[in-house]
Amino acid sequence: MLIRQLEYLVALSRERHFARAAAACSVTQPALSAGIRKLEDELRVPIVRRGNRFQGFTPEGERVLRWAHRAVAACDALMSDARSAREGLTGMLRVGMVPTAVDPVGYLCAQMQRHHPRVRLRVRECAPAEVQRGLAGGEFDVGVTYLDTTRSPHEGRVCPLYHERYVVLAQADGCFAGRLHVDWEELDQVPLCVPAHPAPERGVLEETARGVGARLDVRAEVGSVPGMLAYLRHAPGAAIVAASWLEVLSLPDDVVPVPLREPDTVSHVGVVAAPRGPVPDVAEEFLTCARRMTAGAAVPAPRPGTEPGGPVGDPAPGTGVWPPRQGWTAGNP
């Protein structure tokens, strides 16, 4: 068995197409197919369901694929560690993140490449369960996800970043015009647009509403925040989104954010390293960048509309909620 055969398998699981997987591995399609067949012969199990096109993996193949992810990740970490000793930190960092963490992840990635320009990044948005599976299976080196649903058995492999909160997006001349905040109990009087399942924040919204005895009058479920904004511009009511989206969205002039007064239950978001094996140097450095960020070592410039006392003013990551009172920019850690 060769590590190259396992790399073929990992590429096929990512691309879901033989020709694209072969191109990603810089080999011909017959060479990739032959390598996988040889692996099947050596292990004496069928791995790939074959037809006119790729049809997925057999149950045995899924088990082999989990080991392949781990083996390829371990080999990459070994090569990266050896190069780092000679050339400084280098290699590929694979990050799985929940979509609402896009802004803090962007900040952390910028810090990584600012200090380690030879490090390459591969970032993928996915649901919390996918982040957990990717970490366990070796597909991700680190995950940025909800810590409430994530467990890491090793101390030092988790760095809390911030407490997620939620805001109401309302029409500027609508039912919440001029309000400084909205209570959860008030939402049962308003037609709502909310994230569609399986968006991770949807479950948090429903659980929080139940906890305070509020009933959400959901009239629309939309799969993206830009889609929710488009709906809100033409329909009465309000939308509920994670406040972290405000850092990356440009709101229309006729839509305003109003803080939703939080109960005690909040969503904790943080960085989690893979639960097994040695932590790659690039992953350890990402955790270090996260710890610097939560310590407030960077001194960023204020962002319009988020000055202290503004509509979304709150403590910085690690000490409160996201977005911070001041927007993050790439500063000296």
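As the structure is a computational prediction, the values presented were derived from the model and not from experiment.

A.B. asks: How should I be thinking about the layout of surface pockets in this particular structure?
C.D. replies: Rolled over the atoms, a probe sized like a water molecule indicates the empty space that remains. Roughly 790 Å³ of volume is contained in the largest pocket. Considering the residues around the largest pocket, the lining is formed by 33 residues, among which V10, R14, D76, R94 and R122 are closest to the centre. Counting residues per element, the ones that place at least two in the lining of the largest pocket are α1 (3-15), α4 (59-87), β1 (91-97) and β2 (119-125). Here the element with the most residues in the lining of the largest pocket is α4; it accounts for ten residues. For the lining of the largest pocket, a count of residues per class yields 15 nonpolar, five polar and 13 charged. By volume, the second largest pocket is sized at about 300 Å³. Forming the boundary of the second largest pocket are E62, L65, R66, H69, R70, R124, E130, R133, G134, A136, G137 and E139. Listing elements by their share of the lining of the second largest pocket, those giving two or more residues are α4 and α6 (128-136). Sorting elements by how many residues they give to the lining of the second largest pocket places α4 first, with five residues. Classifying every residue of the lining of the second largest pocket by side-chain character gives two nonpolar, three polar and seven charged.

A.B. asks: Would you mind going over helix α9 (residues 281-294) with me for this structure?
C.D. replies: A turn of α-helix holds 3.6 residues, and therefore any two residues three or four places apart point the same way. Taking 1.5 Å per residue, 14 residues should reach 20 Å; α9 reaches 20 Å between its end C-alpha atoms and fits that length. Listing the buried residues of α9 in full gives V282, A283, E285, F286, L287, C289, A290, M293 and T294.

A.B. asks: In this structure, what is going on with the packing of aromatic side chains? I would like to understand it.
C.D. replies: Here a ring pair, both rings aromatic, is described through the centre-centre distance and the interplanar angle of the planes. Under the defined criterion, the tally for this structure stands at two aromatic pairs. Their ring planes at 80° and their centres at 5.9 Å tell us that F18 and F54 sit as a pair that is edge-to-face. Of this pair, F18 sits in helix α2 (residues 18-24) while F54 sits in the loop between α3 (29-43) and α4, and the two are 36 residues apart along the sequence. As far as the burial class goes, F18 and F54 line up, both buried. A centroid spacing of 5.3 Å and a plane angle of 70° characterise the contact between F54 and F57, whose relative ring orientation is edge-to-face. Each member of the pair, F54 together with F57, is buried. Taken together, F18, F54 and F57 form an aromatic cluster joined through their ring pairs.

A.B. asks: Just checking my understanding: could you explain the environment of R122 for this structure?
C.D. replies: Residue placement: R122 occurs in strand β2. Sequence separation between R122 and F140 is 18 residues, and the spatial gap between their C-alpha atoms is 9.1 Å. With residues up to four places along the chain from it excluded, the contact list for R122 reads R14, M92, L93, R94 and V95.

A.B. asks: Honestly, the sheet that holds strand β9 (residues 255-259) in this entry has me stumped. Any pointers?
C.D. replies: By definition, the strands of a sheet pair up through backbone hydrogen bonds, in either a parallel or an antiparallel sense. Judged by pairing direction, the sheet is mixed, and its five strands sit side by side in the order β7-β6-β8-β5-β9 without closing on themselves. Of all strands in the sheet, those bounded by a partner on one side alone are β7 (218-222) and β9. The mean inter-strand angle of the sheet, taken between neighbouring strand axes irrespective of direction, is 30°. Judged from the four bridges that link them, strand β6 (residues 192-195) and β7 form a sheet pairing that is parallel.

A.B. asks: Can you walk me through the packing of α1 against α3 in this structure?
C.D. replies: To describe two helices that pack against each other, one gives the angle between their axes and the distance between the axes. Remark: α1 packs on α3, axes separated minimally by 9 Å, with the N-to-C direction vectors making an angle of 115°. When the interaxial angle is binned, α1 and α3 end up roughly perpendicular. In this structure, α1 meets α3 at a crossing whose hand is left-handed. Touching Q5, L6, Y8, L9 and L12 of α1 are A31, L32, G35, I36, K38, L39 and E42, all from α3. The class makeup of the residues in the contact of α1 with α3 is eight nonpolar, two polar and two charged.

Conventions we followed
Residues numbered from 1 in each chain as written. Predicted model: local features only at pLDDT ≥ 70, side-chain atom pairs only at ≥ 80, totals over all residues. Heavy atoms only, no water. 1 Å grid on protein atoms, 1.4 Å probe; cavity = no way out; pocket = protein on both sides within 12 Å on 5 of 7 lines; lining within 4 Å. Points joined across faces, edges and corners; volume = space filled by probe spheres on them. Helix = DSSP H or I, 4+ residues; strand = E, 2+ residues; numbered from the N terminus. Nonpolar A, V, L, I, M, F, W, Y, C, P; charged D, E, K, R; others polar. Expected span 1.5 Å × (residues − 1). Buried < 20%, exposed > 50% of the residue type's maximum accessible area, 1.4 Å probe, protein only. Phe/Tyr/Trp six-rings, centres within 6.5 Å; stacked < 30°, edge-to-face > 60°. Contact = heavy atoms within 4.5 Å. Pairing = 2+ DSSP bridges. Axes fitted to C-alpha atoms, helices over the stretch in contact; angles between N-to-C directions. Parallel < 35°, antiparallel > 145°, perpendicular 65-115°, else oblique. Left-handed = near helix turned anticlockwise from the far one by under 90°.

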